[in-house]
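Observations on chain architecture
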Amino acid sequence: MTSPHHPHNVQAASLARPRPVEQIVAGVSTSDGDGVKLTRVLQHTLQERLDPYLMLDAFGSDNPGDYIGGFPSHPHRGFETVTYMISGRMRHRDSHGHEGLLSNGGVQWMTAGRGLVHSELPEQEEGLMEGFQLWLNLPAKDKMREPWYRDIQSEEIPEFATPAGVHVRVIAGESHGVAGAMKRERTEPLYLDITLPPGAEFAQPLPDDRNALIYVFRESVFIGNSEIPTKRMAIMANEPGSDGVLLHAPGTNHSPARALLIAGKPLREPIAQYGPFVMNTREQLMQAVQDFQRGKFG
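Residues numbered from 1 in each chain as written. Predicted model: local features only at pLDDT ≥ 70, side-chain atom pairs only at ≥ 80, totals over all residues. Heavy atoms only, no water.

Concerning the overall build of the protein chain
Within the protein chain, the regular secondary structure consists of 1 helix and 27 strands. The principal-axis extent of the C-alpha atoms belonging to the protein chain is close to 55 × 45 × 35 Å. Going through the 298 residues of the protein chain one by one, you find that 53% of them count as buried. A fraction of 74% describes how many contacts in the protein chain between residues 6 or more apart in sequence connect residues 24 or more apart. Counting only carbon and sulfur atoms, one obtains 48% of the accessible surface of the protein chain, whose full area is about 12900 Å². Considering the protein chain, the positive charge centre built from 28 side chains and the negative charge centre built from 36 side chains are found 5 Å apart. (Helix = DSSP H or I, 4+ residues; strand = E, 2+ residues; numbered from the N terminus. Buried < 20%, exposed > 50% of the residue type's maximum accessible area, 1.4 Å probe, protein only. Contact = heavy atoms within 4.5 Å. Areas by Shrake-Rupley, 256 points an atom, 1.4 Å probe, with all protein chains shown as cover. Lys, Arg positive; Asp, Glu negative; His and termini not counted. Charge placed at Lys NZ, Arg CZ, Asp CG, Glu CD.)

Some thoughts on the environment of Pro270
With respect to the helices and strands, Pro270 occurs in the loop between strand E25 (257-264) and strand E26 (272-274). Judged by its relative accessible area of 55%, Pro270 is exposed. Here Pro270 is in contact with Met279 and Asn280, once residues within four sequence places are set aside.

Section: helix H1 (residues 282-293)
The first and last C-alpha atoms of H1 sit 17 Å apart over 12 residues, in line with the 16 Å expected at 1.5 Å per residue. Check the buried side of H1 and you find it contacts E26 and strand E27 (277-279). Within two residues after H1, Gly295 carries a phi angle of roughly 75°, on the positive side. (Expected span 1.5 Å × (residues − 1).)

Digging into the pattern of salt bridges
Taken as a whole and assessed by the stated rule, the structure comprises 20 salt bridges. The closest approach of N and O atoms between Arg17 and Glu239, which form a salt bridge, is 3.8 Å. Here Arg17 is found in the loop between strand E1 (8-9) and strand E2 (21-25), whereas its partner Glu239 is found in the loop between strand E23 (232-236) and strand E24 (244-248), with 222 residues between them in sequence. Here Lys265 makes a salt bridge to Glu188, at a shortest N to O gap of 3.8 Å. With Lys265 in the loop between E25 and E26 and Glu188 in the loop between strand E17 (178-179) and strand E18 (190-196), the pair connects residues that are 77 residues apart, well separated along the chain. Among the residues examined, Lys265 registers a relative accessible area of 29% and is labelled partly exposed. Relative accessible area serves as the criterion here: at 33%, Glu188 is assigned to the partly exposed category. (Salt bridge = Lys/Arg side-chain N within 4 Å of Asp/Glu carboxyl O.)

Encoded structure:
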C-alpha cells in the first residue's frame, strides 16, 4: 500500500476519443438526518441514467448548526453507501455491533445487504465538516446478502502523481496501473479524487459502456469546451468508441482544482425505492418495510 506522503509516480495516459459532457447538474439544497444541510447532486430522477449509482450528496460547512445533529439511527436495505470525509470526524454505529470513526481523508464502505440500522454522528463540536455520501446499487442477486462494512483510513487509500503534478487518490477501481482501496465485481466502481494544478491535464481511460460523472468541488475544470464550475456535476456522454475522460484545469484558476470522477458498469435492473430501501420490485419494498417494523434488521 502506498504511503500518501510518497505517492506513486506514473506515466500519463493518453486518449484518442475523450467523452464530451452531456449535461451539467447543479444539485438541490436539502437537509437529511437531524437537520444536516447538504446538496443532493445525484437525485432519483438520474438513477437510471447514472446506474449503478443511486444518489450523491455533498456536505460542507464550518457552521456546527448545519451538521451537529448528524444522522441518528436509520435503516438501509439493498445497496451500498460510500462515505468520504474530506474534513471532519464522524462516528458510525450499527445494529450488527460495528463501530468506527471516520476522519479527514477516510472512507467508510458499507454494504447494507438484507438490512441494518445505523447512525452517523459528528465527533466534533466546531470546525469544518466536509464530505460526500454516494449510494451504489447492489445487483438483484446480492440485495439480501449479509451486511458488511469497512473503515478505510486515509493512509490506506492508494495515491499517485502524474508528471504534470496531478495528484490522484484511488478509492475504488484502478487508475494508471494503481489499484484502489476497494473493488466490486459486478458494478466495477471507479472512484477517484483528483487534484489538478492550474493548467494541468488528466486523462482517465474508461470503457464506453460505463456511466460516468465528474463532481467539481474546488475551482473549475474544463472537459473539452465545457467548463464545469465548482459545486457542479457533469454527466459524461456515453459515446460508442470513446476511450475515457480528459480533465483540464484552466490556467486562470487561483489554486488547484479538485474533482471526483465516479464511474461504474450499469446493472440494467429495475429500481424500486422507498426512502432508505432500494429493491427491484414493489413487493420487495413492502417486505423491507415489514421486516424493519418487526425488528428483523438487528
